[in-house]
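Reading the structure
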Amino acid sequence: MSAAGPTPARQLRFEIFRYDPEDPASTPHMQSFELEEAPYMTLYIALNQLREKQDPSLQFDFACRSAICGSCGMLVNGRPALGCRTLTAGLPDVIRLHPLPVFKLIGDLSVDTGRWFRQMVEENEAWMHAAQPFDPQAPEQRMDDDLAQAIYAGERCIECGCCVASCGVANLRPDFAGPAGLNRIARFMMDPRDTRSDADWFEVVSNSDGVFGCLGMMACHDVCPKQLPLLEVYAYLRRKMLATGLR
Ligand code: SF4
Ligand code: SF4
């Protein structure tokens with residue numbers, strides 16, 4: 001009888017995009033690293049080990065490690081994903097990592113999603129336009145449960161940028177509101193505390209930079225790590241805009 005020993009750990013090869021846009025001597029290239037896989041290893045753990053033990057200059061972003069801060073979006077074998085949520089066990093022996101497209105590259109795997117989101121919010125005025133100034137002493141306003149749930153669903157966006165990176169239109173057209181932008185617009189359109197009328201929203205969203213620029217192939221929906229109901233969001237926006245009767 002032969003006693004089966006422990007399964008030897010996999011040797012992973014990481015192919016990682018390297019480039020420092022601030023350094024004139026730097027050119028975009030891929031760099032290879034070898035790393036022994038450990039049980040329950042995530043890309044967060046693997047990249048930290050690579051940086052600690054092999055190359056302290058490797059740039060990438062992480063903060064919360066639990067899919068809340070939205071910092072660690074990257075292309076994992078070509079697909080946008082959060083590094084902290086991605087187990088190496090679900091990946092092949094060769095793991096290719098690139099920064100998310102669309103966003104300004106800071107260096108290696110690190111991108112500036114904040115700049116893109118700030119611009120999107122400013123262009124679409126995606127904040128509350130209330131009739132009254134905020135009064136912290138005012139009693140809470142009642143809201144229908146289903147509506148509150150729908151608004152909350154939109155609020156769960158962690159602004160990781162995975163949906164934006166997956167979107168062919170956002171990759172080609174910087175003025176497109178993008179999936180995360182459309183989600184944010186819908187969140188304020190639904191909110192009865194926002195005073196903007198459907199006709200006001202028509203100017204913002206009823207064009208090719210808004211919901212009618214979306215091709216509807218739903219790559220964004222497939223990669224969203226928070227499973228936001230983006231399909232329902234776009235359907236809601238289209239219905240609302242068509243109901244205005246405006247052209
Ligand atoms: S469904 Fe629309 S928003 Fe989503 S990835 Fe496709 S074009 Fe972009
Ligand atoms: S909608 Fe989803 S994929 Fe897009 S930024 Fe928000 S959490 Fe990330």
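As the structure is a prediction and not an experimental result, all values here were calculated from the model. (Residues numbered from 1 in each chain as written. Chains lettered and ligands numbered in written order. Predicted model: local features only at pLDDT ≥ 70, side-chain atom pairs only at ≥ 80, totals over all residues.)

A word on helix α6 (residues 178-190)
- With 13 residues, α6 extends 18 Å between its outermost C-alpha atoms, agreeing within 8% with the 18 Å of an ideal straight helix rising 1.5 Å per residue.
- Those residues of α6 not exposed but buried are Gly178, Pro179, Ala180, Gly181, Leu182, Asn183, Arg184, Ile185, Ala186, Arg187, Phe188 and Met189. (Helix = DSSP H or I, 4+ residues; strand = E, 2+ residues; numbered from the N terminus. Expected span 1.5 Å × (residues − 1). Buried ≥ 20, exposed ≤ 12 C-beta atoms within 10 Å, placed from the backbone.)

Describing the site of ligand 1
- With respect to spatial proximity, the complete set of residues near ligand 1 consists of Ser166, Cys167, Val169, Ala170, Pro179, Cys214, Leu215, Gly216, Met217, Met218, Ala219 and Cys220.
- Those elements giving two or more residues to the shell around ligand 1 turn out to be α5 (168-172) and α8 (219-223).
- For the shell around ligand 1, the per-class residue count stands at 10 nonpolar, two polar and no charged. (Near = placed C-beta within 6 Å. Nonpolar A, V, L, I, M, F, W, Y, C, P; charged D, E, K, R; others polar.)

Brief notes about the domain arrangement of the protein chain
- Each domain of the protein chain was delimited in the assignment, giving domain 1 (11-111) and domain 2 (113-130 + 143-243).
- Between domain 1 and domain 2, the residue contacts involve 16 residues of the former and 15 residues of the latter.
- It is strand β4 (residues 79-82) that contributes the most residues to the side of domain 1 that touches domain 2, four residues altogether.
- Within the side of domain 1 that touches domain 2, the residues separate by chemical class into 11 nonpolar, two polar and three charged. (Domains from an automatic or database assignment. Contact = placed C-beta atoms within 7 Å.)

Focus: the nonpolar core
- Formed by 54 residues in total, the largest nonpolar core has its most connected members in Cys163, Val164, Leu182, Ile185 and Leu237.
- By residue number, the principal contributor to this core is α6, which donates six residues.
- There are two domains that each give this core at least three residues, and those are domain 1 (11-111) and domain 2 (113-130 + 143-243).
- Residues contacting Val164, with those up to four places away along its chain left out, are Val102, Trp116, Ala170, Gly178, Pro179 and Ala180. (Core = buried A, V, L, I, M, F, W, Y, C linked by C-beta atoms within 7 Å.)

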